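The chain contents come next:
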Amino acid sequence: MDPVSSIEGRAIPYGAKNVDTDVIIPAAWLKTISRDGLAQGAFETVRAQPGNVIDDPEYQGAPILIAGDNFGCGSSREHAAWALLDMGVTAVIAPSFSDIFSGNAFKNGILTVELPQEQIDRLMEVAKTDPISVDLESQTVTTPFQDRFTFEVDPFRKDCLSKGLDEVGLTLERSDAISQYEKNQAQTMPWLAKGTEIAA
Amino acid sequence: MASRPRTLYEKIWDAHVVETRDDGTSLIFIDRHLVHEVTSPQAFEALRLAGRTVRRPDLTLAVPDHNLPTTPRVDAAGNRIPIADPQSAAQLEALETNAPSFGIRYIGATAAEQGIVHVVGPEQGFSLPGSTIVCGDSHTAAHGGVGALAFGIGTSEVEHVLATQTLLLKQSKTMEVRVNGELGPGVTSKDLILHIIGVIGTAGGTGHVIEYRGKVFERMSVESRLTVCNMSIEGGARAGLIAPDETTFAYFKGRPLSPTGEDWDKAVEWWRGLHTDDGAVFDKSVTIDAADVEPTVTWGTSPEDTSAIGGSVPDPMSFADPNKQEAARKSLSYMGLEPGQKLSDVEVQNVFIGSCTNSRIEDLRAAADVLRGRKIATNVKWAIVVPGSGLVKQHAEAEGLDKIFIDAGLEWREPGCSACLGMNPDKVPAGERCASTSNRNFVGRQGPGARTHLMSPAMAAAAAVTGKLTDVRELVK
């Protein structure tokens, strides 16, 4: 994963609430064995409507998406994060996110920025005409009009994002601790340690 | 171990902490990992590129389910019938190759044990009480019905679990959903969970693990508990739990991968302690009166858009939240419904009985009880029954349920996810309605333009008979 520092540019003022991952990327697009090329199917049902904001030339290539409450609810498909990345979106700003989506976004270097609805409303206004800036280090969202909103980020996630750390690599360094756990489990809960081998 | 009273969730969590870091995240050991063809290819590819192996192939089980057509899989000569969609075929082939090459047990498309991952896990005795279970699928929450901490993960996490058998997690908050009293006649676990989601909303459980508590759940079969916990994610909670009890232990006794002998005795002894202690505190608590739950259907495009079957399509202006008003207007436009329209007047052209929510033997029996000796309505053009696994299918056939369905005019299919999300050829045509026992009524979920009404198997069967949304209690007195 590439390190993430700040994201600046136009923001798509989408604003919808409870955007589910079937909307972000419909199931027909999940048949791929790659992570690439999903922008084509992103928001397919939304883009079927004439005059939709996603296809508005004003926001082509915008790196930020603004949405309503509970963004990314529903399925666990990481394809939703891949589709956003493929569209060029590397930050999503919303009042709240589903747990699985925010994890998937984080693992792909997409910032999920939670701000209260009134700040979102303000950013929706700004986004129509001007760029927005999201800075991970200072944990702020700013506009050319002196708006300055701070947001929370989990310290571990911030560290991983800013350094572009590989989580699997980090955990593999803890192999000894995992081995110790496995050894204890085989003693105390042997039935759990056996898995698919029982009937083999 | 701490003597402070703990919730069931905390007990399972504590038993799986490998280590806790200074920033409060813990490395959690994963006991069981289910893998299917849709969310795994990129994970296996990443392992291969990094030269990494699967740490515990013995704790992983791979089964194809999403893409498989539900039409026959072998011809008269016993040869496998090729899959027409080249993308589906490629994804299925990837799993069939990846699983054995990483040493993972693979249940193939034509095996009797094949089925939807969330049906197969408990059925095989792979998903055990008190274990941590993950799968690249949000309905992994289902396994909480056996008292396991089970949740859906993304593909990067699938890769992490394959490589390390752990996940780095922050402890969730806890939420109690307590149901008082008893469900009325003709009201099922599906009606109850739809009702609960209607009350708490699709974000009601975000950041929380739900524990369902009360006599209603204690009296439920394991299958009904799986249905309830399955849809926890529709209430925003990554996991749902029901404490294991004698019903659970009886369910697991003798299953292929269940513990045996001394292991079994030790397991049951530990399982008996898996319940929330008196005095343990939940971060959030919701109480529901079972007497308020009627046979329930959805009218909109969010699982929280629920109503008792006796009700009407709501007026969007009746919602206090302006966002919800707008969402409801859009939903009704997509669904082709008018405010005030009686739900029991809404005609359906399609019926789908299946999915990881409702495709176990108990579900099929409930549908067959309604359909026995009846025919589907003439306006119902497509009605299919898709068992959750090959073993469920065999079981149903041994009971003659397949004949009841076929005689009534429904199609009896091969197991898989099918029309729940239409990754295989089973889709609902645009603009048509489907009475569906699945879990999501999202825009386009069952096919582009498809209109989904979620309900229980008995209610879907009733809709098949009358051709419209129907209170099953009127058919089964």
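Not measured: the values here are computed from a predicted model.

A look at helix α10 (residues 261-271) of chain B
A turn of α-helix holds 3.6 residues, and therefore any two residues three or four places apart point the same way.
Alright, step 1. Here α10(B) has its buried residues at B:Asp263, B:Trp264, B:Ala267, B:Val268 and B:Trp271. Buried residues in α10(B), looked at end-on, bunch into an arc of 130 degrees, giving them a common side. Within α10(B), the exposed residues directed more than 90 degrees away from the buried face are B:Glu262, B:Asp265 and B:Glu269.
Alright, step 2. Each element contacted by the buried residues of α10(B) is listed here: α9 (190-193) of chain A together with α9 (246-252) of chain B.

Notes on the environment of B:Ala368
Residue and element names in this part refer to chain B.
Alright, step 1. Positionally, alanine 368 belongs in helix α12 (residues 361-371).
Alright, step 2. Under the relative-accessibility criterion, alanine 368 is labelled buried at 0%.
Alright, step 3. Apart from residues no more than four positions distant in its own chain, alanine 368 is found in contact with Leu401, Ile404 and Phe405.

Things to note about the pattern of salt bridges
Alright, step 1. Counting across every chain of the model gives 46 salt bridges over all chains.
Alright, step 2. Measuring nitrogen to oxygen at the nearest pair gives 2.9 Å for the salt bridge that ties A:Arg122 to A:Asp147. With A:Arg122 in helix α5 (residues 117-127) and A:Asp147 in the loop between β7 (140-142) and β8 (148-150), this residue pair connects regions lying 25 residues apart in the sequence.
Alright, step 3. What emerges from the salt-bridge pattern is a single network uniting A:Lys107, A:Glu167, B:Glu157 and B:Arg238.

Structural notes on the domain arrangement of chain B
How big an interface is tends to be expressed through the accessible area that disappears when the partners come together.
All names here are of chain B.
Alright, step 1. Taken domain by domain, chain B comprises domain 1 (8-169), domain 2 (173-240 + 264-292) and domain 3 (296-474).
Alright, step 2. On a C-alpha basis, the centres of domain 1 and domain 2 stand 24 Å from each other.
Alright, step 3. Taken together, the contact between domain 1 and domain 2 spans 24 residues of the former and 21 residues of the latter.
Alright, step 4. Between domain 1 and domain 2 lies a buried interface of about 1,800 Å² when both sides are counted; carbon and sulfur atoms form 64% of it.
Alright, step 5. For the pair domain 1 and domain 2, the interface holds 2 salt bridges.

Comments concerning the interface of chain A and chain B
Alright, step 1. With 55 residues of chain A in contact, the opposing surface of chain B contributes 77 residues.
Alright, step 2. Across the chain A to chain B interface the summed buried area is about 5,500 Å²; carbon plus sulfur atoms make up 56%.
Alright, step 3. Per-residue buried area on chain A facing chain B is highest for A:Lys31, A:Trp191 and A:Thr196; these three make up 15% of the total on that side.
Alright, step 4. Counting the contacts that link chain A with chain B gives 11 salt bridges.
Alright, step 5. Of the charged contacts, one joins A:Arg174 and B:Glu19 as a salt bridge, the two residues approaching to 2.5 Å between their closest N and O atoms.
Alright, step 6. Linking chain A to chain B there are 34 residue pairs in polar contact (both at pLDDT 80 or more).
Alright, step 7. Going through the elements one at a time, α3 (79-87), α4 (99-107), α7 (167-172), α8 (175-188) and α9 of chain A are the ones with two or more residues in the side of chain A that touches chain B.
Alright, step 8. For the side of chain A that touches chain B, the class distribution of residues is 20 nonpolar, 19 polar and 16 charged.

Observations concerning empty space enclosed by the protein
Alright, step 1. Counted according to the given criterion, the structure contains 3 cavities of 30 Å³ or more.
Alright, step 2. As a volume, the largest cavity reaches approximately 210 Å³.
Alright, step 3. Contributing to the lining of the largest cavity are 25 residues, with B:His66, B:Asp137, B:His139, B:Leu421 and B:Arg445 lying nearest its centre.
Alright, step 4. Residue composition of the lining of the largest cavity, grouped by class: 8 nonpolar, 12 polar and 5 charged.
Alright, step 5. As for the second largest cavity, its lining consists of A:Asn70, A:Cys73, A:Gly74, A:Ser98, A:Asp99, B:Thr202, B:Thr206, B:Ile233, B:Gly236 and B:Arg238.
Alright, step 6. Residues of the lining of the second largest cavity, tallied by class, amount to 2 nonpolar, 6 polar and 2 charged.

Regarding the UniProt feature "binding site: [4Fe-4S] cluster" (unreviewed entry) in chain B
Residues and elements named next belong to chain B.
Alright, step 1. In the numbering adopted here, UniProt assigns the feature "binding site: [4Fe-4S] cluster" (unreviewed entry) to Cys356, Cys417 and Cys420. In sequence the annotated residues extend across 65 residues, while in space they remain close, none of their C-alpha pairs exceeding 8.7 Å. Lining the largest cavity, from the residues named above, are Cys356, Cys417 and Cys420.
Alright, step 2. With respect to the helices and strands, cysteine 356 occurs in the loop between β15 (350-353) and α12.
Alright, step 3. Owing to a relative accessible area of 8%, cysteine 356 belongs among the buried residues under this scheme.

Overview of unusual backbone geometry
All names here are of chain A.
Alright, step 1. Phi angles above zero are rare outside glycine, and phenylalanine 43 is one such case at about 50 degrees.
Alright, step 2. Examined against the element boundaries, phenylalanine 43 turns out to sit in the loop between α1 (21-24) and α2 (44-47).
Alright, step 3. On the basis of relative accessible area, phenylalanine 43 is assigned to the buried category, the value being 0%.
Alright, step 4. Non-glycine residue glutamine 146 carries a positive phi angle of around 70 degrees.
Alright, step 5. Looking at where glutamine 146 falls in the secondary structure, it is placed in the loop between β7 and β8.
Alright, step 6. In this structure glutamine 146 comes out as exposed when scored by relative accessible area, which is 73%.

Some words on the domain arrangement of chain A
Alright, step 1. Examined at the domain level, chain A breaks down into domain 1 (6-165) and domain 2 (166-200).
Alright, step 2. Between the C-alpha centres of domain 1 of chain A and domain 2 of chain A there is a distance of 36 Å.

A closer look at the environment of B:Ala464
All names here are of chain B.
Alright, step 1. For alanine 464, the location among the structural elements is in helix α15 (residues 457-466).
Alright, step 2. By relative accessible area, alanine 464 is classed as buried at 0%.
Alright, step 3. With residues up to four places along the chain from it excluded, the contact list for alanine 464 reads Val351, Leu371, Ile376, Ala377 and Val380.

Comments concerning the sheet that holds β8(A)
All names here are of chain A.
Alright, step 1. Pairing is antiparallel across the open sheet formed by 4 strands, whose spatial order is β1-β6-β7-β8. Each edge of the sheet is formed by a strand with only one pairing partner; in this case those strands are β1 (6-9) and β8. Strand-to-strand twist across the sheet, computed as the mean angle between neighbouring axes with direction ignored, equals 10 degrees.

Remarks on the packing of helix α2 (residues 41-50) of chain B against helix α3 (residues 86-101) of chain B
All names here are of chain B.
Alright, step 1. The interhelical angle for the contact between α2 and α3, taken along N-to-C directions, is 45 degrees, at an axis separation of 10 Å. By the criterion of interaxial angle, the relationship of α2 to α3 is oblique. The hand of the α2/α3 crossing is left-handed. Residues Pro41, Phe44 and Arg48 of α2 touch α3, and the partners they reach there are Gln91, Leu95, Asn98 and Ser101.
Alright, step 2. Each residue belonging to the contact of α2 with α3 can be placed in one class, and the counts come to 3 nonpolar, 3 polar and 1 charged.

A closer look at the sheet that holds strand β4 (residues 60-62) of chain B
Residues and elements named next belong to chain B.
Alright, step 1. Pairing is parallel in the open sheet, where 5 strands are placed in the order β5-β4-β3-β6-β7. Among the strands making up the open sheet, the edge pair consists of β5 (105-106) and β7 (149-152).
Alright, step 2. By the bridge criterion, 3 bridges tie strand β3 (residues 32-35) to strand β6 (residues 132-135) in an arrangement that is parallel. Bridging across to β6, histidine 33 finds its partner in valine 134.

Section: the pairing of β3(B)
All names here are of chain B.
Alright, step 1. Alternating residues of β3 divide into Arg32 and Leu34 and His33 and Val35, and every residue in both groups is buried.
Alright, step 2. Where β3 and β4 come together, 3 bridges link them in parallel fashion. When the bridges of β4 are listed, valine 35 appears paired with alanine 62.
Alright, step 3. Viewed along the sheet, the connection from β3 through α2 into β4 turns out right-handed.

Rules used throughout
Residues numbered from 1 in each chain as written. Chains lettered and ligands numbered in written order. Predicted model: local features only at pLDDT ≥ 70, side-chain atom pairs only at ≥ 80, totals over all residues. Heavy atoms only, no water. Buried < 20%, exposed > 50% of the residue type's maximum accessible area, 1.4 Å probe, protein only. Helix = DSSP H or I, 4+ residues; strand = E, 2+ residues; numbered from the N terminus. Arc of directions from axis to C-beta. Contact = heavy atoms within 4.5 Å. Salt bridge = Lys/Arg side-chain N within 4 Å of Asp/Glu carboxyl O. Domains from an automatic or database assignment. Buried area = accessible area lost by both parts, 1.4 Å probe. Polar contact = N/O pair within 3.5 Å; in protein donor to acceptor, adjacent residues only side chain to side chain. Nonpolar A, V, L, I, M, F, W, Y, C, P; charged D, E, K, R; others polar. 1 Å grid on protein atoms, 1.4 Å probe; cavity = no way out; pocket = protein on both sides within 12 Å on 5 of 7 lines; lining within 4 Å. Points joined across faces, edges and corners; volume = space filled by probe spheres on them. UniProt positions renumbered as here; feature names shortened; annotations may be inferred. Pairing = 2+ DSSP bridges. Axes fitted to C-alpha atoms, helices over the stretch in contact; angles between N-to-C directions. Parallel < 35°, antiparallel > 145°, perpendicular 65-115°, else oblique. Left-handed = near helix turned anticlockwise from the far one by under 90°. Right-handed = clockwise from strand over helix to strand, strands pointing away.

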